[in-house]
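What follows is the residue order along each chain.
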Amino acid sequence: MSKHQNNTFSGASRYVLDDELASIVNVSMALEMPLLLKGEPGTGKTMLAHAIAESLNMPLIVLNVKSSMKLVDALYQYDTLTRLNDSRFGDSKRDVSNIEDYIKMGKIGQAFTSEVRTVLLIDEIDKADTDFQDDMLDVLDQMEFDIIEIDKTITAKFRPVIVITSNAKKDLSDPFLGRCNFHHIAFPDPEMMRKIIQVHFPDINSNLMGNAVSTFYELRKIEAIEKKPATRELINWIRALKTDPDFKPDQLANKDIPFLGVLFKKSQDYQKAMGSTNRRGLF
Amino acid sequence: MFIDFFYQLKTVGIPVSPTSFLTLQKALDMGLINSIDAFYTSARAILIKSERYFDVYDQVFAHRFQDAEMPEYEDFELDEVTRALLEGWLEDPVSLAAALEMDESDIIDLSPEELIEYFKKRLEDQKGRHEGGRTWIGTGGTSPTGHSGYHPEGMRVGGVSRNRSAVKVAMDRRYKDYSRRGLLTQDMMGEALKRLRNMVPVGPKDQVNIDETIYQTMKNAGEIDIVFSRRLKDRIKVILAIDNGGWSMDQYIPVVQTLFDYARDQFKDLKTYFFHNTIYDFLWEDPARYKQPFKVENFVSFDPQTRLIMVGDGSMAPYELMAADGSIHVEERSGKPSIEQLKFLAQTFPHCVWMNPVFSQTWDKTPTITTIAQIFPMFELTLDGLEGAVNHLMTK
């Protein structure tokens, strides 16, 4: 217990962290519970795990969940083909009669067998089906799993710091939620957003920053947009504005908005944004 | 500690579990929480599992720890109710004006908050359930701010829709989680339709079939014999037939549009046809339904494994479905009643469903829906309904 407490998380070099989130991360680490992060795309859910790993100096293991994934893929893989090859040609140092030599660890397995405490990021858990989620939580709860082929139980040497992200497409099941701590990362407010922009563009002039950020928040207000522009889009958009020699920050205030396509990536959204800027005279 | 706080959260309807409360106690015991701010964030992370309840949590917390005035329990509900209604109203200011018995021009001057306040006052005036009458918000009356009334611009506030003139159900909404019944976004459709796949082996034999390789190698007395097989690819064929005609489908255009967009992105072999109310001799390949007719009989030449998805509210006059010359368009009257054509389609494509955007509770109020549901397995056009439909389409 005490060794964990020296390890508290207070932010990293490239991640703008608020106090609230920092204390939630620390409580989850101390309670040894997975932290489930929800929030719109572009609010830095994935970045948080990177930041934790960096600031606590632990290796980061990322499990990118895919819809077709089975739990066993995340735990271990029995490499039958190599074993077959070895049995025929026998030119490797592996012992063919020892199946254990042909077991490769998956991402969760790597986190369990690691010699140091790791940060395990399970990214976009909502992509997988409910069975996967529940079974995985069983494994993470008990901190052990069985390798059926060799009838061996793998127990975690160190309990990894587990961060799970979800894009909130689907509600997760109740038993799943019951075993996690939960935090919803709200979309950054304009003030926070200015800080984030400042981190990415240290030399940005304040006129461009002010106009771009306020235009961006106005555009986010357009109703019935399927994919709202997020931080990533804003950063790319500012990058685009900066490269355009004809662009003057003041023209944004006159609802003359170039590169809308950088912000709105779906054609319907794009059209709505075009329509709204002209018709409603938002600016 | 803080047991009263736990019960306050429970009382306002947040699903808090005893297990999570014990976890909070553990956190307290471990000395992790040493200030009120830390308690606020930690208790929320541990107890509250959805951002939907964050706002309510804030209110309860302020009440318990900062002596803020506890909002009346009723308010939580009313706020939900009014918010739901307002969304619907804002799209339809004429009905809104009629519903509140105000002039349209007056309404434009009101802010959304003022509107909500006005509406809440009307709701609170009423004690208990109310049928008939003239001024209360209730059921079956002539006051437009109720449900199932016969005011031409009536606004449904609760109960079962009879005239379909209302936008949202509100009064009956207590404790019910409607989040899964909200507007379907493309992402949500994607989740539901993802399992609609028909994997077939195609292309060159370029994938090692491990099981078969091991088997053949053993048969070969240990001499390796690698067996390749074809990759599995998704070759599902989908026919989407959409009812895009008539006023009765108008209110469902956004949700059907989303389904259509997703289907177009997702399925490589997708054919879309349009019809009005029901199917007679033709379906149309163009949305305007006059340029490119497609004869229903020609569907026999299609792969019977094709999944047929019909989308329509199935609401029409019974003769349109049953009578031999039921079509409201003269040129479509061939002597075969529509119901026969529907049966033909259902036989041609055993994997078929009818997606109905109308709420399933009201299906038995419309005879033609019941009839069609006997021919096509019918599902509600919601996330739950889509999942059911996909399950049905994937059964052999």
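Calculation criteria
- Along each chain, the written sequence defines residue order, and numbers are assigned to residues from 1.
- Naming scheme: in the order in which they are written, chains are lettered from A and ligands are numbered from 1.
- Residues qualify for local features only when their pLDDT is at least 70, as the model is predicted, and side-chain atom pairs are given and counted only at 80 or more; totals for whole chains, interfaces and linings, by contrast, use all residues.
- Hydrogens and water molecules were not included; the side-chain quantities draw on all heavy atoms of the structure.
- To pair, rings of Phe, Tyr and Trp, with the six-membered ring standing in for Trp, must have centres within 6.5 Å; the planes then decide the type, stacked if under 30 degrees apart, edge-to-face if over 60, and tilted in the middle.
- Only DSSP runs of H or I covering at least 4 residues are called helices, and only runs of E covering at least 2 are called strands; the numbering of each starts at the N terminus.
- Only protein chains enter the accessibility calculation, which uses a 1.4 Å probe. A residue is then buried if its area is under 20% of the maximum for its type, exposed if over 50%, and partly exposed in between.
- It is the directions from the helix axis to the C-beta atoms whose arc is reported.
- Here, residues are in contact when the closest pair of their heavy atoms is within 4.5 Å.
- A fitted line through C-alpha atoms serves as each axis, taken over the contacting stretch for helices, and the angle formed by two N-to-C directions is quoted from 0 to 180°.
- Roughly parallel means an angle under 35 degrees; roughly antiparallel means over 145; roughly perpendicular covers 65 to 115; every other angle is labelled oblique.
- Helix crossings fall into two classes, left-handed where the near helix is turned counterclockwise from the far one by less than a right angle and right-handed where it is turned clockwise.
- Put simply, buried area is how much 1.4 Å-probe accessible surface two parts lose in total, over both of them, once they are put together.
- We count a salt bridge whenever a side-chain nitrogen from Lys or Arg sits within 4 Å of a carboxyl oxygen from Asp or Glu.
- Counting of polar contacts relies on pairs of N or O atoms within 3.5 Å, with two restrictions inside protein: one atom must be capable of donating a hydrogen and the other of accepting it, and residues adjacent in sequence are counted only when both atoms are side-chain atoms.
- pLDDT gives the predictor's per-residue confidence on a scale running from 0 to 100.
- Patches here: salt-bridge-free residues with over 30% relative accessible area, like charges joined within 9 Å, nonpolar side chains (Val, Leu, Ile, Met, Phe, Trp, Tyr) joined within 5 Å.
- Values of accessible area rely on a 1.4 Å probe in the Shrake-Rupley scheme; residue burial ignores everything except the protein chains shown.
- Think of it this way: DSSP has to see at least two bridges between two strands before they count as a pair.
- Note on terminology: a nonpolar core comprises buried Ala, Val, Leu, Ile, Met, Phe, Trp, Tyr and Cys residues joined through side-chain atoms within 4.5 Å.

Student: So what exactly am I meant to see when it comes to the packing of aromatic side chains here?
Tutor: Centre-to-centre distance and the angle between the planes together describe a pair of aromatic rings. All names here are of chain B. Evaluated as defined, the whole model comprises 23 aromatic pairs over all chains. Between Phe-5 and Phe-39 the ring centres are 6.0 Å apart and the planes differ by 50°, which places this aromatic pair in the tilted class. Here Phe-5, found in helix H1 (residues 3–11), pairs with Phe-39, found in helix H3 (residues 36–47); they are 34 residues apart in sequence, far enough to count as distant. Judged by relative accessible area, Phe-5 falls into the buried class, the value being 0%. Seen in terms of ring centroids, Phe-5 and Tyr-57 are 6.1 Å apart; in terms of plane orientation they differ by 65°. Their pairing is edge-to-face.

Student: Quick question: what am I supposed to make of helix H5 (residues 80–89) of chain A here?
Tutor: Looking only at H5 of chain A, the buried set comprises Thr-80, Leu-84 and Asp-86 of chain A. Seen from one end, H5 of chain A has its buried residues packed into an arc of 165°, which puts them on one side. Where the residues of H5 of chain A are buried, they touch strand S3 (76–78) of chain A together with helix H10 (210–219) of chain B. The first or second residue beyond H5 of chain A is Gly-90 of chain A, which carries a positive phi of 55°.

Student: Looking at this structure, how should I read the packing of H5 of chain A against H10 of chain B?
Tutor: Each pair of packed helices can be described by the angle between their axes along with the distance between the axes. The interhelical angle for the contact between H5 of chain A and H10 of chain B, taken along N-to-C directions, is 20°, at an axis separation of 10 Å. Relative to H10 of chain B, H5 of chain A is oriented roughly parallel. Where H5 of chain A crosses over H10 of chain B, the handedness of that crossing is left-handed. Side by side, H5 of chain A and H10 of chain B meet where Thr-80, Leu-81 and Leu-84 of chain A of the first sit next to Ile-210, Thr-213, Ile-214, Thr-217 and Met-218 of chain B of the second.

Student: What am I meant to see in the interface of chain A and chain B here?
Tutor: How big an interface is tends to be stated in terms of accessible area lost as the parts join. Contact with chain A, which involves 32 residues of that partner, is made by 34 residues of chain B. Summing both partners gives a buried area of about 2800 Å² for chain A against chain B, and 60% of it is carried by carbon and sulfur. The tally of links from chain A across to chain B stands at zero salt bridges. Summed over the shared surface of chain A and chain B, the result is four residue pairs in polar contact (both at pLDDT 80 or more).

Student: I keep staring at the side chain of Thr-217 of chain B and nothing clicks. Help me out?
Tutor: You can see Thr-217 of chain B is positioned in helix H10. A polar side-chain atom of Thr-217 of chain B sits 2.6 Å from the main-chain carbonyl oxygen of Thr-213 of chain B. In contact with Thr-217 of chain B, not counting residues within four places along its chain, are Leu-84 of chain A together with Gly-222, Glu-223, Ile-224 and Asp-225 of chain B.

Student: Would you mind going over the confidence of the model for chain A with me for this structure?
Tutor: For any part of a model where pLDDT is low, the fine detail of the predicted coordinates should not be relied upon. All names here are of chain A. Summary statistics for chain A give a mean pLDDT of 81 and a share of 90% for residues scoring 70 or more. Low pLDDT (under 50) marks residues 1–6, which in the prediction has six contacts with non-local residues, meaning those over four places away or in another chain. Low pLDDT, under 50, characterises residues 279–283; the stretch is placed with 16 contacts to residues that sit more than four places away or in other chains.

Student: How do you make sense of a nonpolar patch on the surface when you look at a structure like this?
Tutor: Taken together, Leu-81 of chain A together with Val-208, Ile-210, Ile-226 and Phe-228 of chain B make up a surface patch of nonpolar side chains, about 370 Å² in accessible area. Structurally, the position occupied by Ile-210 of chain B is in helix H10. Judged by relative accessible area, which is 32%, Ile-210 of chain B ranks as partly exposed.

Student: Got a minute to help me understand the side chain of Thr-371 of chain B in this structure?
Tutor: Residue and element names in this part refer to chain B. In this fold, Thr-371 is placed in helix H15 (residues 367–375). Given a relative accessible area of 17%, Thr-371 falls into the buried group. Those residues in contact with Thr-371, other than ones at most four positions away along the chain, are Leu-321, Met-322 and Ile-339.

Student: Quick question: what am I supposed to make of unusual backbone geometry here?
Tutor: Most peptide bonds adopt trans geometry, and most residues besides glycine take a negative phi value. Here Asp-151 of chain A, not a glycine, exhibits a phi torsion of approximately 50°, which is positive. When you line up the elements, Asp-151 of chain A lands in the loop between strand S6 (144–147) and strand S7 (152–155). Phi is positive for Asn-277 of chain B, close to 65°, though the residue is something other than glycine. Within the secondary structure, Asn-277 of chain B sits in the loop between strand S4 (269–275) and strand S5 (282–284). For Asn-277 of chain B, a relative accessible area of 8% gives the class buried.

Student: Can you walk me through the pairing of strand S7 (residues 307–311) of chain B in this structure?
Tutor: For a regular strand, side-chain orientation follows a simple rule: the groups alternate between the two sheet faces. All names here are of chain B. Of all the five residues making up S7, five are buried; the element is thus mostly covered by neighbouring parts of the structure. A two-sided burial pattern is seen for S7, the buried positions comprising Arg-307, Ile-309 and Val-311 on one face and Leu-308 and Met-310 on the other. Two elements, strand S3 (residues 237–243) and S7, share five bridges in a ladder whose sense is parallel. Along S7, the bridge assignment pairs Ile-242 with Val-311. For S7 and strand S8 (residues 352–356), the ladder comprises four bridges, and the chain directions are parallel. Residue pairing for S8: Met-310 is matched across the bridge by Trp-354.

Student: Which parts of the structure should I look at to understand the pattern of salt bridges?
Tutor: Scanning the entire structure with this criterion turns up 13 salt bridges over all chains. The residue Glu-32 of chain A makes a salt bridge to Arg-159 of chain A at a minimum N-O spacing of 3.4 Å. Note that Glu-32 of chain A is positioned in the loop between helix H2 (19–31) and strand S1 (35–38) and Arg-159 of chain A in the loop between S7 and strand S8 (161–166), a separation of 127 residues in sequence. Residue classification places Arg-159 of chain A among the partly exposed residues on the basis of a relative accessible area of 27%. We note a salt bridge from Lys-237 of chain B to Asp-303 of chain B, for which the minimum N-O separation is 3.5 Å.

Student: Any chance you could explain the nonpolar core here in plain terms?
Tutor: Across soluble globular proteins, nonpolar side chains show a tendency to be buried alongside one another. The biggest cluster of nonpolar side chains holds 62 residues, and the ones touching the most others in it are Ile-108, Phe-112, Ile-122, Met-136, Leu-140 and Ile-164 of chain A together with Tyr-57 of chain B. Broken down by element, this core gets its largest block of residues, six residues, from H3 of chain B. Sequence-distant contacts of Phe-112 of chain A, that is, excluding residues within four places in its chain, are made with Val-139, Leu-140, Met-143, Glu-144, Phe-145, Ile-154, Thr-155, Ala-156, Lys-157, Phe-158 and Pro-160 of chain A. One finds Val-238, Ala-241, Phe-275 and Phe-302 of chain B within the second-largest nonpolar core, a separate group that totals 55 residues.

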